[in-house]
Amino acid sequence: MSKTLLLTLFILTCVLSSSIRAQNIKAGILIFPPYFVEHKDKPPSGIYLDLMEKTLLHAGLTYQLSIYPAKRLYTNLGSGETDLYLGIKGAPEYQGKVLYSKTSISKIQMRVYATGATPLPVTKEDINGHSISTIRGYSYGGLVSYFSDPKNDIDVSATAEHLASFQMLKNKRVDYVVNYKHPSETVLKNLSIPKVKYTNFYSVDIYFIVSKSTPNAVEVLQKIEDAYLELVELGEVEYIENDN
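Residues numbered from 1 in each chain as written. Predicted model: local features only at pLDDT ≥ 70, side-chain atom pairs only at ≥ 80, totals over all residues. Heavy atoms only, no water.

### Some remarks on the side chain of Ser101
Link 1 in the chain: Along the polypeptide, Ser101 turns up in strand E4 (residues 98–115).
Link 2 in the chain: Setting aside anything within four residues of it in sequence, one finds Ser101 in contact with Tyr207, Phe208, Leu221 and Glu225. (Helix = DSSP H or I, 4+ residues; strand = E, 2+ residues; numbered from the N terminus. Contact = heavy atoms within 4.5 Å.)

So this is what it looks like as structure tokens:
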């Protein structure tokens, strides 16, 4: 390779790197304690938000943070209105329209809750013919498509709040609540449901997600992932375990 070509490639790399640093990354989050937590009198916080912000700062990227309902955030990622999120694969609103990091940064645990003599499901097919409550906008790692498929005969009630789902279970309006571990535990600390039980249905991996519509999307994601791995190497962040 000639010196002229090497110099040209070096200049182009520098220009691209400078262009990426000049971008203002539109980062999106949804309210999902303890990973993303909204406060009335101070900026949002949370385990994943802390990791996201540390990584963006280490990557030398400026960013703007916005909070959205789940469905709106997922739609924004698909359209490019939002550039970055920490989330799961499989949401229909952005599937095929985003890039995922090669590295998983965490897992989250999905549970199915029931009461009394209602048998806890072992497989998704065990939910067929039952009534369930889910959180509106959540994809549950793609399972939302299975739940809504008419041939599976599942009566789905989607609620806007976690509390509303568990109130339906308490009042025997549904057989199951499908929800993630931590927001469920937060609700059940304050809501007494007789003979409530659960099964750890499955765990889903969490990735850095960048919209394909983001300028220099491939390079932006690579810069973010490289920064994350450097922070792991330095011991400043670590993989977030999904405890049982």
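### Quick look at the pairing of strand E3 (residues 84–87)
Link 1 in the chain: Alternating residues of E3 divide into Leu84 and Leu86 and Tyr85 and Gly87, and every residue in both groups is buried.
Link 2 in the chain: Bridging between E3 and strand E8 (residues 196–211) involves 4 bridges; their strand directions are antiparallel. Paired with Gly87 across the bridge in E8 is Tyr207. (Buried < 20%, exposed > 50% of the residue type's maximum accessible area, 1.4 Å probe, protein only. Pairing = 2+ DSSP bridges.)

### Considerations on the confidence of the model for the protein
Link 1 in the chain: With 90% of its residues at a pLDDT of at least 70, the protein reaches an overall mean of 89.
Link 2 in the chain: In the predicted structure, residues 12–18 sits below a pLDDT of 50 and forms 3 contacts with residues beyond four places in sequence or in another chain. (pLDDT = per-residue confidence, 0-100.)

### Things to note about the packing of helix H5 (residues 162–170) against helix H6 (residues 181–188)
Link 1 in the chain: Remark: H5 packs on H6, axes separated minimally by 10 Å, with the N-to-C direction vectors making an angle of 65 degrees. Between H5 and H6, the interaxial angle falls into the category roughly perpendicular. Helix-helix and strand crossings are classified by hand; for H5 and H6 the assignment is right-handed. Counting all contacts with H5, which are made through His162, Leu163 and Phe166, the residues of H6 involved are Pro183, Ser184, Val187 and Leu188.
Link 2 in the chain: Each residue belonging to the contact of H5 with H6 can be placed in one class, and the counts come to 5 nonpolar, 2 polar and no charged. (Axes fitted to C-alpha atoms, helices over the stretch in contact; angles between N-to-C directions. Parallel < 35°, antiparallel > 145°, perpendicular 65-115°, else oblique. Left-handed = near helix turned anticlockwise from the far one by under 90°. Nonpolar A, V, L, I, M, F, W, Y, C, P; charged D, E, K, R; others polar.)

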